[in-house]
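Residue-level structure breakdown
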Amino acid sequence: MKHFARLSVLSLACSLTALCGIRAAWAGQPPTEVRAALAEAIEQGNLPGAVLVWGTRDGEPSVYVAGRMSTLPDAPAMSADTVFDLASLTKPMATATSVLILVDRGLVKLDEPVATYLPDFGNHGKDVITVEQLLTHHSGLIPDTPLLDYEQGGEEAMRRIMQLTPRWEPGGTFKYSDVNFQVLGALVEAVDGRALHVFAREEVFEPLGMNDTGFLPDASTRDRIAPTTKRHGAWIVGEVHDPRAYAMDGVAGHAGLFATAGDVGRWVRMALNGGELDGQRILSDTMVERMLSPHALPDGTGVRGLGVDIDSSFSSAPRGKRFNKATTFGHTGYTGGCFWADPHSGAYYVLLTNRVHPDDSGKVSPVRRAVATAVAAALLGATGDAETSKKTGENAPQGMPVLCGIDVLERDGFAALKGKKVALATNHTGVNLDGRRIVDLLHDAPDVEVVRLFSPEHGLYGVLDEKVGHGVDAATGLPVFSLYGETRKPNAEMMEGLDAVVFDIQDIGVRFYTYIATMGLVMEAAKEHGVEVFVLDRPNPINGVDVEGPVTDPGMEAFTAFSNIALRHGMTVGELAQYFNKEHGIDCELTVVPVEGWTRDMWYDRTGLTWINPSPNMRNLTQAALYPAVGLIESGRQVSVGRGTDQPFELFGAPWIDGRKLAATLNDAAIPGLRFVPVTFTPTVRHYKDQECGGVYVMVTDRDTLDPIPAGLQIAWTLEHLFGDAYDLTTVNRMIKDDATMEAISADTWPEDVEAVWREELDAFKTRRAKYLIYP
């Protein structure tokens, strides 16, 4: 790199006392939490300063600058064009990208042994290590070789690396390793002929307009480079901080890259845009998809992309509390830098700092976590659901979180329940905005007498995955009667002496999720015993616009199909209560306490509410979005859907499934909104407990184009047609409850318009449904 050119779009310099932002997704400065976290980190001596860049894939980036470049007297203020030693951000930005370019060009194969390209590597058990395993840190190699190995220079150090023996079985353990990327750097040069720093400059940085990025910065840039620690008694400025990369003359696959925060943001935007930026494509969209797809170990842990982090032991701080753990990606660097990004919304941030200055003692995890959480909350609130915002012409709300029915009831002093003896039908999801249980709130409320509790499937605390017995709530001493054990409908003993039953449980928006059946049965019991029902409403987490799938056939109603509603009904529990009361002929005395601030187009991640797993295996919104599809194929207990792993409903498989064959077939089918990645996993509960299963990881690429019911049916059809008698397609009707649909998908060819089968009955349901909708 000859020199660093200043960035015109980010020529913003701010001192600690004049913090500012440009073109923010929110008005003016970043969130207060960001400014406070950075100011506190600087005050505590954890870092001298920082540069934050944030934005979305298509928008102009914004920047926020805090502190100074060093702790030295009269040190200049940090500025947008401050250049940082990126440390391990070298791995994704330079090395992994270079390798994937070679893969794109057909010169390297990810599943090929590394020894194919580096013959000296193929010894001492390393002959089975693949290129992909190096990229994902699943190679089994040690994290670093001893510094003594570098005393004779980089060439000798690499020779010794080539003689290593794996410490762990390749493909069986996640161990973050600089060695992996040192080998990959050598692979680039061996295949292409150009050294890594030359290849990356010519094939990555220059095409992307990353004019301030490269290895080996020259003297003209010195004044803009943030110092790190001391070496040989002098501050390190413009030389790589990492001692192994330094011994390798400043160019290594694991460290050595320098850049501004703006340039790192350009690389992130390239990844978010499928391999191109400003009309310059460096990777195919298919390759970027593979790069950002999760690659997990057999036990579901150590989830990495190709050169990027997704959900490993390094993810928690830079991901924060708002980025989705299953679908977002990022990376960290030892000197303090990090980035994280969300392919779905296009939101990202880059935080660069020199936390190693002056004495390598700065603690950066707390500030990473605080910044990531606050920026994600603001960006995801501002971008919301990108496609839905385009459809509605509106931005997601940026004010207070949605108020659930319990919050409204509490705000009004529980007036509607005063003087009443009540039973609560609830579980662990029945909490107010501050996280307090409705059980405790009503137990302590004046003039309200809570007599007993009713618990649904999974119990009062939401941890059981089996039939549930009666019990006692430890905190209040109240008796708990299970409605998922000996009986599913409250009996006369349970209803005795009550004036009202209050229902407060978070639903998931799918007919065969049983909490709404429990509500319907409670309403029936209330009618039979002259008891009033209060339903405290909550948002439909997968939105209230999309309505799809067949309607329950007459005579096929069941606990997983209460009343004649569509498989994905697009209603809240309060709206369903009104529907059940009239359309199902219950006619109890019903009061719905509505949600405030929720609109039908809102997914749960736009509500501002804390996600609480509504059941043990429903752990995030992605799983909720997939549940209508993947839940269909679980009937008949022929397939594991990932229960007993870290990613239930994002995985499915069985010992008899060939994951590669299945993934290829489903990807060829081009099911909207989904991609499939072959995996193996071993569930610890239920179907195929402790047996290794072949299968697929289901990646949601666009939740707005995803139609989960047709997708799930096509997956089931594919399973039968690929694997024959091992999968009985007819068991799907236990969930869909629609004979016409079952007949249509039993054909030898997949019906092009399977939705036509249920369109008429769905339209009729939508007409009935409209009378009971509460929210715009």
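Residues numbered from 1 in each chain as written. Predicted model: local features only at pLDDT ≥ 70, side-chain atom pairs only at ≥ 80, totals over all residues. Heavy atoms only, no water.

A few words now on the overall build of the chain. When you go through the chain residue by residue, the secondary structure sums to 23 helices and 26 strands. Expressed as a percentage of the 776 residues in the chain, the buried residues total 61%. Contacts in the chain between residues at least 24 apart in sequence constitute 71% of all its contacts with a sequence separation of at least 6. Of the roughly 28,300 Å² of accessible surface on the chain, 48% is carried by carbon and sulfur atoms. Within the chain, the 102 negative side-chain charges are centred at a point lying 3 Å from the centre of the 69 positive side-chain charges. (Helix = DSSP H or I, 4+ residues; strand = E, 2+ residues; numbered from the N terminus. Buried < 20%, exposed > 50% of the residue type's maximum accessible area, 1.4 Å probe, protein only. Contact = heavy atoms within 4.5 Å. Areas by Shrake-Rupley, 256 points an atom, 1.4 Å probe, with all protein chains shown as cover. Lys, Arg positive; Asp, Glu negative; His and termini not counted. Charge placed at Lys NZ, Arg CZ, Asp CG, Glu CD.)

Each pair of packed helices gets described by two things: the angle between the helix axes and the distance between those axes. Axis separation between helix α19 (residues 659-668) and helix α20 (residues 708-723) bottoms out at 11 Å; the angle between their running directions is 130°. For the element pair α19 / α20, the angle class is oblique. For α19 against α20, the interelement crossing comes out right-handed. Residues Lys661, Leu662, Thr665 and Leu666 of α19 lie in contact with α20, whose contacting residues are Ile715, Thr718, Leu719, Leu722 and Phe723. Within the contact of α19 with α20, the residues separate by chemical class into six nonpolar, two polar and one charged. (Axes fitted to C-alpha atoms, helices over the stretch in contact; angles between N-to-C directions. Parallel < 35°, antiparallel > 145°, perpendicular 65-115°, else oblique. Left-handed = near helix turned anticlockwise from the far one by under 90°. Nonpolar A, V, L, I, M, F, W, Y, C, P; charged D, E, K, R; others polar.)

What follows is about the sheet that holds strand β23 (residues 590-593). Reading across from one edge, β17-β18-β16-β15-β19-β20-β23 is the order of the seven strands in this open sheet, with mixed pairing throughout. Every interior strand has two partners, whereas the edge strands, β17 (471-472) and β23, have only one. Where strand β19 (residues 500-504) lies against strand β20 (residues 532-536), four bridges are found, and the strand directions are parallel. Its bridge partner being in β20, Val501 is matched across the sheet by Val533. Docked against the sheet, helix α17 (residues 573-583) engages β20 and β23, running at close to 165° with respect to β23. (Pairing = 2+ DSSP bridges.)

Let us look at a nonpolar patch on the surface. Among the surface-exposed residues, Tyr461, Val463 and Leu464 lie close enough to one another that they form a single nonpolar patch of about 280 Å² accessible area. Mapped onto the secondary structure, Leu464 falls in the loop between β16 (448-455) and β17. For Leu464, a relative accessible area of 31% gives the class partly exposed. (Patch = residues over 30% accessible without salt bridge, like charges linked within 9 Å, V, L, I, M, F, W, Y side chains within 5 Å. Salt bridge = Lys/Arg side-chain N within 4 Å of Asp/Glu carboxyl O.)

Paired through their backbone hydrogen bonds, the strands of a sheet run either parallel or antiparallel. Pairing within the open sheet is antiparallel, and its three strands lie in the order β24-β26-β25. Where the open sheet ends on each side, the last strands, each with one partner, are β24 (651-654) and β25 (674-681). Neighbouring strand axes in the sheet, compared pairwise and without regard to direction, differ in orientation by 25° on average. Here eight bridges tie β25 to strand β26 (residues 693-700), and the two strands are oriented antiparallel to one another. Bridge pairing links Val679 to Gly695 in β26. Across the sheet, α19 is in contact with β24, β25 and β26; its angle to β25 comes to roughly 175°.

Okay, the packing of aromatic side chains next. The way to describe two aromatic rings as a pair is by their centre distance and the angle between their planes. This model, assessed by the stated rule, comprises 18 aromatic pairs. With a centroid separation of 6.4 Å and an interplanar angle of 75°, the aromatic rings of Phe329 and Phe339 are classed as edge-to-face. With Phe329 in strand β12 (residues 329-332) and Phe339 in strand β13 (residues 338-341), this residue pair connects regions lying 10 residues apart in the sequence. These aromatic residues form a ring-pair network of at least three members: Phe512, Tyr513, Tyr515, Tyr627 and Phe649. (Phe/Tyr/Trp six-rings, centres within 6.5 Å; stacked < 30°, edge-to-face > 60°.)

You can see Asn46 is positioned in the loop between α1 (32-43) and β1 (49-56). At a separation of 3.0 Å, a polar atom in the side chain of Asn46 contacts the main-chain amide nitrogen of Lys363. Setting aside residues up to four positions removed in sequence, Asn46 forms contacts with Ala41, Arg355, Ser361, Gly362 and Lys363. (Polar contact = N/O pair within 3.5 Å; in protein donor to acceptor, adjacent residues only side chain to side chain.)

Glancing now at helix α5 (residues 178-192). Taking 1.5 Å of rise per residue, 15 residues should cover 21 Å, and α5 covers 22 Å from first to last C-alpha, within 8% of that figure. For α5, the complete set of buried residues consists of Asp178, Val179, Asn180, Phe181, Gln182, Val183, Leu184, Gly185, Leu187 and Val188. Of the surrounding elements, those touching the buried residues of α5 are α2 (90-104), α3 (131-136), α4 (154-161), α6 (196-205) and α7 (243-247). The backbone nitrogen of Val179 lies 3.1 Å from a side-chain oxygen of the residue at the head of α5, namely Ser177. Of the residues flanking the end of α5, it is Gly193, one or two places downstream, whose phi is positive at about 100°. (Expected span 1.5 Å × (residues − 1).)

As a further point, take the pairing of strand β18 (residues 479-482). Sheet topology note: the β16/β18 ladder contains three bridges and is parallel. Bridge pairing links Leu453 to Val480 in β18. Pairing analysis gives two bridges linking β17 to β18, with the strands arranged antiparallel. Considered in β18, the bridge of Gly471 is made with Val480. Linkage of β17 to β18, two consecutive antiparallel strands, is achieved through a turn of six residues, within which Gly477 is found at a positive phi near 75°.

Moving on to the pattern of salt bridges. Throughout the structure, instances matching the rule amount to 41 salt bridges. In this structure, Arg437 engages Asp440 in a salt bridge whose closest nitrogen and oxygen atoms are separated by 2.9 Å. Residue class for Arg437 comes out buried when judged on its relative accessible area of 19%. Where Asp546 meets Arg568, a salt bridge forms, and the shortest distance between an N and an O atom there is 3.6 Å. Of the two residues, Asp546 is situated in the loop between β20 and β21 (548-551) and Arg568 in strand β22 (residues 566-568); the sequence distance between them amounts to 22 residues. Look at Arg568 and you get buried, because its relative accessible area is 3%. Residues participating in the shared-partner salt-bridge network are Arg105, Asp192, Arg194, Arg201, Glu202, Glu203 and Glu206.

Of all hydrophobic cores here, the largest spans 125 residues; its most connected members are Phe454, Phe580, Ile633, Phe652 and Leu719. In terms of residue count, the dominant contributor to this core is helix α16 (residues 515-528) (nine residues). Not counting residues within four places of it along the chain, the set of residues in contact with Phe580 comprises Ile516, Met519, Gly520, Met523, Phe562, Ser563, Ile565, Gly585 and Ile586. With 83 residues, the next largest nonpolar core counts Ala96, Leu187, Val188 and Tyr348 among its residues. (Core = buried A, V, L, I, M, F, W, Y, C linked by side-chain atoms within 4.5 Å.)

This paragraph deals with the pairing of strand β2 (residues 62-67). Of all six residues in β2, six are buried; the element is thus mostly enclosed. With six bridges joining them, β1 and β2 adopt antiparallel strand pairing. The residue of β2 that forms the bridge with Gly49 is Gly67. Hairpin remark: β1 followed by β2, antiparallel, with five residues in the connecting loop.

Mapped onto the elements, Asp601 comes out in the loop between β23 and α18 (621-630). For Asp601, a relative accessible area of 11% puts it in the buried group. There is a polar contact of 2.7 Å between the side chain of Asp601 and the side chain of Thr599.

Taken together, the buried positions of helix α9 (residues 285-292) are Met287, Val288, Met291 and Leu292. Down the axis of α9, the sector holding all buried residues measures 130°, keeping them to one side. Looking at the buried residues of α9, the elements they touch are α2, α8 (261-272), β11 (309-311), β12 and β26. (Arc of directions from axis to C-beta.)

The subject of this paragraph is the confidence of the model for the chain. In the predicted model, the chain carries a mean pLDDT of 91, and 94% of its residues have values of at least 70. Confidence over residues 1-28 falls short of pLDDT 50; this stretch has 88 contacts with residues more than four positions distant or in other chains. (pLDDT = per-residue confidence, 0-100.)

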